[in-house]
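# Architecture at a glance
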Amino acid sequence: MKYLIYFIVPTLLLGCRNNLESDYDLVIKNVDLIDGTGNPIQKAVTIAIDDKKIVAIGSESDVNARTVIDGTDKFLIPGLFDCHVHTGDFKGDFVNLIHYGITSIFVPGGSRCTNEYYAAMRLISKQDSIPAPRVFHTSQHFTMEGRHPAKTYGSFNRENGENIFYLKDTIQIENLVKQVAQYPILGIKITIEDGPTPPFVERIPQKFVNKTVKEASKYGLEVYAHVSDNIELEMAVKGGVQNLVHYTGVNIDPNNSLHLKWIENLREKDASWVTTLMIDKSFLYPLHPEWFDVEEMLPKYQKIKEVIEPSQIERAKIIAESLKKEYGIEESTFIAFVNHHVEDVKFLYDYGINMVLGSDTGNEFNFHGYSLHEEMQILELGGMKPLDIIKMGTLNASKMMKSDDTLGSIEVGKLADMILLDKNPLESISNSLSINTVIKNGTIQSRVSE
Ligand SMILES: [Zn+2]
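Basis of the calculations
Residues numbered from 1 in each chain as written. Predicted model: local features only at pLDDT ≥ 70, side-chain atom pairs only at ≥ 80, totals over all residues. Heavy atoms only, no water. Pairing = 2+ DSSP bridges. Helix = DSSP H or I, 4+ residues; strand = E, 2+ residues; numbered from the N terminus. Axes fitted to C-alpha atoms, helices over the stretch in contact; angles between N-to-C directions. Buried < 20%, exposed > 50% of the residue type's maximum accessible area, 1.4 Å probe, protein only. Core = buried A, V, L, I, M, F, W, Y, C linked by side-chain atoms within 4.5 Å. Domains from an automatic or database assignment. Contact = heavy atoms within 4.5 Å. Expected span 1.5 Å × (residues − 1). Salt bridge = Lys/Arg side-chain N within 4 Å of Asp/Glu carboxyl O. Phe/Tyr/Trp six-rings, centres within 6.5 Å; stacked < 30°, edge-to-face > 60°. Donors = N, O, S within 2.8 Å, 3.2 Å for Na, K, Ca; no water.

## With respect to the sheet that holds strand β7 (residues 102-107)
Overall, parallel pairing links the 3 strands, which are arranged β6-β7-β8 in an open sheet. For this open sheet the edge positions go to β6 (80-82) and β8 (134-137), each flanked by a neighbour on one side alone. Each adjacent strand pair in this sheet contributes to an overall mean axis angle of 20°, direction not counted. Direction of pairing for β7 relative to β8: parallel, over a ladder of 4 bridges. Note that in β8 the partner of S104 across the bridge is R134.

## Structural notes on the pairing of strand β5 (residues 75-78)
On a regular strand, one side chain projects to one face of the sheet and the next to the other, so that they alternate. Side chains of β5 alternate between two faces, with F75 and I77 and L76 and P78 buried alike. Note that strand β1 (residues 23-33) and β5 share 2 bridges and pair parallel. Its bridge partner being in β5, L33 is matched across the sheet by L76. Bridging between β5 and strand β16 (residues 418-421) involves 4 bridges; their strand directions are antiparallel. In the strand pairing of β16, F75 is matched with L421.

## A closer look at the nonpolar core
Counting 99 residues, the largest nonpolar core has L233 and W273 as the members making the most contacts within it. Counting residues per element, this core draws most heavily on helix α11 (residues 334-351), which supplies 8 residues. Looking at which domains feed residues into this core, each of domain 1 (2-78 + 409-444) and domain 2 (80-400) supplies at least three. Beyond its immediate sequence surroundings of up to four residues, L233 is in contact with V227, L244, V250, I252, W262, L266 and W273. Ranked by size, the runner-up nonpolar core spans 15 residues in total, among them V31, L33, I47 and I49.

## Looking at α11
The end-to-end C-alpha distance of α11, which contains 18 residues, comes to 26 Å, matching closely the 26 Å that a straight helix rising 1.5 Å per residue would cover. Listed as buried for α11 are F334, A336, F337, V338, H340, H341, V342, D344, V345, L348 and Y349.

## Let's talk about the pattern of salt bridges
Counted under the stated rule, the structure contains 20 salt bridges. Residues K346 and D350 are paired through a salt bridge, measuring 3.0 Å at the closest nitrogen-oxygen approach. With K346 and D350 both in helix α11, this residue pair falls 4 residues apart, about one helical turn. Note on K346: relative accessible area 30%, which makes it partly exposed.

## Topic: the packing of aromatic side chains
Taken as a whole and judged by the stated rule, the model has 14 aromatic pairs. Here Y247 and W273 contribute two aromatic rings whose centre-to-centre distance is 5.3 Å and whose plane-to-plane angle is 50°, an arrangement assigned as tilted. One end of the pair, Y247, is in the loop between β13 (243-244) and α7 (257-268); the other, W273, is in strand β14 (residues 272-274), with 26 residues separating them in the sequence. Taken as a pair, Y247 and W273 share a single burial class, namely buried.

## Quick look at the coordination of the zinc ion
Within the protein, the zinc ion binds to H84 (NE2), H86 (NE2) and D360 (OD); these donor distances fall in the range 2.1 to 2.4 Å. In terms of primary sequence, the donors binding the zinc ion are separated according to H-x1-H-x273-D. Judged by relative accessible area, H86 falls into the buried class, the value being 16%.

## Regarding unusual backbone geometry
Cis rather than trans, the peptide bond between H148 and P149 has omega equal to 5°. Tracing the sequence through the fold places P149 in the loop between β9 (141-143) and β10 (164-166). Here D51, not a glycine, exhibits a phi torsion of approximately 50°, which is positive. As for its placement among the helices and strands, D51 is situated in the loop between β2 (42-50) and β3 (53-58). Residue classification places D51 among the exposed residues on the basis of a relative accessible area of 53%. In this structure, D73 is a non-glycine residue whose phi angle is positive, near 60°. Locating D73 in the fold gives a position in the loop between β4 (64-70) and β5.

Right under this line is the structure:
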């Protein structure tokens, strides 16, 4: 019976195609295309989509389709990836992510991330009618008792073996990796961290990092490390880690030969590095109520402005002072923080490291969907070009997700994840917020209509 179905289905599909010659599911006509590969903009092209995939790109506009979108004076970019997302309520957060054109996310663990929670997220992400991005994720955090994130977010329920793994010795790592490798994970999440805030704790031993990378490789898995300073970066590099989920806290000096050795090592193994510069901005949000006054910010996010507490403002002031000290900068303006980080990100990008966009959304004042656009604005403020920023959020991100054969750019053969914009994002990256239509898997997605 199984074989019968297998033979009948392709025949039916072929028959269907012959009757509707040159017909497509969806066509976007006369649109300016920014394809995500870093190539220059292509003017007035037609994109044809059939059976979830991009099947033709050309200048001919006399094409029939079940749905036709007039792209005149509009701009098409690939669906965006946020490669650092946490969610405690994925059903609510997914709607907001899709609203802002985030068609793929990467979840590197979190307080709710049990196997069941991951499975529920994957299930909803695999259909096209309820707004939900594609979901990629790691294992639960590999860390040690008393360390981040158990220490930092102690109030959340952390259950060893459920949403977190406390490492005790290197032998145990063999079994743990074998256990998590049964699930459809992209790799292992490991936390190398002595803080992030005082009182500082002892970091995970180097041999734990080495062993995790070694065991993961037996199952074809990579390791995704949380590091937050140069010592931890060096540990990750020495241990053979392939992906870093934050930039924040690290300080690369292009004139330091040791730093260059780390970077060279990362480039040789095709490492990916997530930006998450939004973290500093989110800390400073309570000091800048004007940041909420953006037309494209969802009212539900804008309302947060009304409930900021004095204690949150006080904490933001303390963090602002400590950031000033940490980065050795005189000004306390936001642009000073931004320049400091973006210089490094740009250096790494130009050096050939696969830099990708991520916001660390799910934390306070770091808003699902919206904050990835803020991440892009931070990079532009610091001097990066919109074309490069878009590539970091699309093709580069899909490489990190090991899915650049099917996602990440608008090219023939790839799945049709794309965003139609009313304004040109190359003129100002903030135009990425001028979203007209979001398409995932060739299906037009419904957006929040408040
Ligand atoms: Zn995170």
